[in-house]
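Spelled out, the chains give:
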Amino acid sequence: MALSLPDVMVTRLDQLANWVRKNSLWPMPFATACCGIELMATGASRHDIARFGAEAMRFSPRQCDLMIVAGRVVMKMLPVLQRIWLQMPEPKWCISMGACASSGGVFDTYAVVQGIDRFIPVDVYVPGCPPRPEQLLQSVLDLQEKIRRTGTLTGREFAQRREYEGPRLVPAPDSARIVAPGDFRSATRQWDQNA
Amino acid sequence: MSYETILCTLRERLGPENVTASQFRDNYRLVVPRHLVYEALACLKERDGFDMLIDLTAVDYLHYPNARDRFGLVYCLLNTATGQRLIVKTFLNEPELTVPSVWPLWKGADWLEREVYDMFGIVFEGHPDLRRILLPEAFTAFPLRKDYPLRGRGERHNFPILTRAES
């Protein structure tokens, strides 16, 4: 409907829609680890995410437009995460909160996904282990700025981004594999000479 | 009943060469061979009153200094009437990684044996439902074995990629 209007009118409508959307983000708290505690603290009265209009946390993805992935995601949880992401209606955004969600963090093991951006799109990354509530609030502000700049009424900004934006997946060579140490007293890790 | 009595009755039952005992402070340990472990545990439960299986776990001794066997299977028992604790251990080697399930003795062994199977690939014969408990069903390796690489064999990268346009 909006596409049949003159361009100037569409631009104004885009701005209006962006202004409405950015000040009323409904987060989907995908909290799997200790970052979830900081996420709760951000929602509580002291830090009060309601000051930025993102206090309406809903535990149904159908009602949300901002997914906050707080904590490490293991390979058994990733299909769940992808399914929940697909269940969220457009327009939707994603904040990767903390080192584990962004890169796997210290959990460089067989079961932990090394950053959710390898498999779902991410808009804002929050560093920290876990991040302070102020950092999460700043990421919400940054996301609001991003929505203000790039958002369109019809969601064209998503359709334009067809390329995969995450890191390139490089299969690890056999020499990069880490195995258990031969001597527990002298080392905690040892490069595998046999592989 | 003292630990010496328990050890004596067990040696009578299984043969003295089949039970090795050791002690460190208040930690009493028995090592029995694989084919006698069920008999030993049944005897300990029925006769000596070790009615609670505290833990059942396994150890991989690959690359371990001076180790002769590949896997060690550890049963931690508790007598809830007297408070006595006992650790029973048995050793397994490939390719015979099967051991009788102790599920008929302690129902709590159900998930513990499933976890040991999941992580080490040790098969418990007679277990009612020996499936993976922690890892996905499609997982093929046994990741707590020491010859399994810490970063896996690419299982964590094996997912479809959702892009912005299609989601």
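One structure accompanies this document, and this report is about it. Quick caveat: nothing in here was measured; it's all calculated off a predicted structure. (Residues numbered from 1 in each chain as written. Chains lettered and ligands numbered in written order. Predicted model: local features only at pLDDT ≥ 70, side-chain atom pairs only at ≥ 80, totals over all residues. Heavy atoms only, no water.)

Focus: the side chain of N18(A)
All names here are of chain A.
And step 1. Examined against the element boundaries, N18 turns out to sit in helix 1 (residues 7-22).
And step 2. Judged by its relative accessible area of 3%, N18 falls in the buried class.
And step 3. Setting aside anything within four residues of it in sequence, one finds N18 in contact with I147, R148, G151 and T152. (Helix = DSSP H or I, 4+ residues; strand = E, 2+ residues; numbered from the N terminus. Buried < 20%, exposed > 50% of the residue type's maximum accessible area, 1.4 Å probe, protein only. Contact = heavy atoms within 4.5 Å.)

Here we look at the interface of chain B and chain A
And step 1. If you look at the interface, chain B gives 28 residues, while chain A gives 38 residues.
And step 2. Interface area, chain B with chain A, both sides summed: about 3200 Å², of which 63% is carbon and sulfur.
And step 3. Looking at the side of chain B facing chain A, the largest losses of area belong to L150(B), R156(B) and R164(B), adding up to 27% of the total buried there.
And step 4. The interface formed by chain B and chain A includes two salt bridges.
And step 5. Remark: the boundary between chain B and chain A carries six residue pairs in polar contact (both at pLDDT 80 or more). (Buried area = accessible area lost by both parts, 1.4 Å probe. Salt bridge = Lys/Arg side-chain N within 4 Å of Asp/Glu carboxyl O. Polar contact = N/O pair within 3.5 Å; in protein donor to acceptor, adjacent residues only side chain to side chain.)

Here we look at the pairing of strand 5 (residues 85-92) of chain B
And step 1. Taking every second residue as pointing to the same face, the buried face of strand 5 of chain B carries L86(B), V88(B), T90(B) and L92(B), while none of R85(B), I87(B), K89(B) and F91(B) on the other face is buried.
And step 2. Taking the residues between adjacent antiparallel strands as the criterion, strand 4 (residues 71-78) of chain B and strand 5 of chain B are bridged by six residues, where G83(B) takes a positive phi near 80°. (Pairing = 2+ DSSP bridges.)

Here we look at the sheet that holds strand 3 (residues 52-60) of chain B
Residue and element names in this part refer to chain B.
And step 1. A sheet is described by the order of its strands in space; here five strands give the open sequence 1-2-5-4-3, paired in mixed fashion. If you trace the sheet from one side to the other, it starts and ends with strand 1 (20-24) and strand 3, each paired once. Neighbour to neighbour, the strand axes of the sheet diverge by 20° on average, direction disregarded.
And step 2. In terms of strand pairing, strand 4 meets strand 5 through eight bridges, oriented antiparallel. Bridging across to strand 5, Y75 finds its partner in V88.
And step 3. On the sheet, helix 3 (residues 109-120) packs against strand 3 and strand 4 and is oriented at approximately 5° with respect to strand 3. (Axes fitted to C-alpha atoms, helices over the stretch in contact; angles between N-to-C directions.)

Notes on unusual backbone geometry
And step 1. Of note, the amide linkage connecting C129(A) to P130(A) takes the cis form, showing an omega dihedral of -15°.
And step 2. By secondary structure assignment, the location of P130(A) is in the loop between strand 4 (124-126) and helix 5 (133-150).
And step 3. Cis geometry marks the peptide bond from E94(B) to P95(B); its omega dihedral reads 5°.
And step 4. Within the element layout of this structure, P95(B) appears in the loop between strand 5 and strand 6 (98-100).
And step 5. Backbone geometry at R25(B) places phi at a positive 50°, although glycine is not the residue there.
And step 6. According to the relative accessible area criterion, R25(B) is exposed, its value standing at 67%.
And step 7. Backbone geometry places N66(B), a non-glycine residue, at a positive phi of 65°.
And step 8. Locating N66(B) in the fold gives a position in the loop between strand 3 and strand 4.

Thoughts on the pattern of salt bridges
Residues and elements named next belong to chain B.
And step 1. Throughout the structure, instances matching the rule amount to twelve salt bridges over all chains.
And step 2. Between R132 and D118 there is a salt bridge, with the nearest N and O atoms lying 2.5 Å from each other. Placement of the pair is R132 in the segment after strand 7 (123-125) and D118 in helix 3, with a sequence separation of 14 residues. An identical accessibility class is assigned to R132 and D118; each is buried.
And step 3. Taken together, the salt bridges that share partners define one network made up of D60, R70, E94, R145 and D147.

Some thoughts on the state of the cysteines
And step 1. In this structure the tally under the stated criterion is zero disulfides over all chains.
And step 2. Of the cysteine sulfurs around C100(A), a residue in no disulfide, the closest is that of C129(A), at 5.5 Å.
And step 3. Cysteine C43(B) is unpaired, with the sulfur of C8(B) as its nearest cysteine sulfur at 12 Å.
And step 4. A residue is classified by how much of its surface remains accessible, and C43(B), at 1% relative accessible area, is buried. (Disulfide = S-S within 2.5 Å.)

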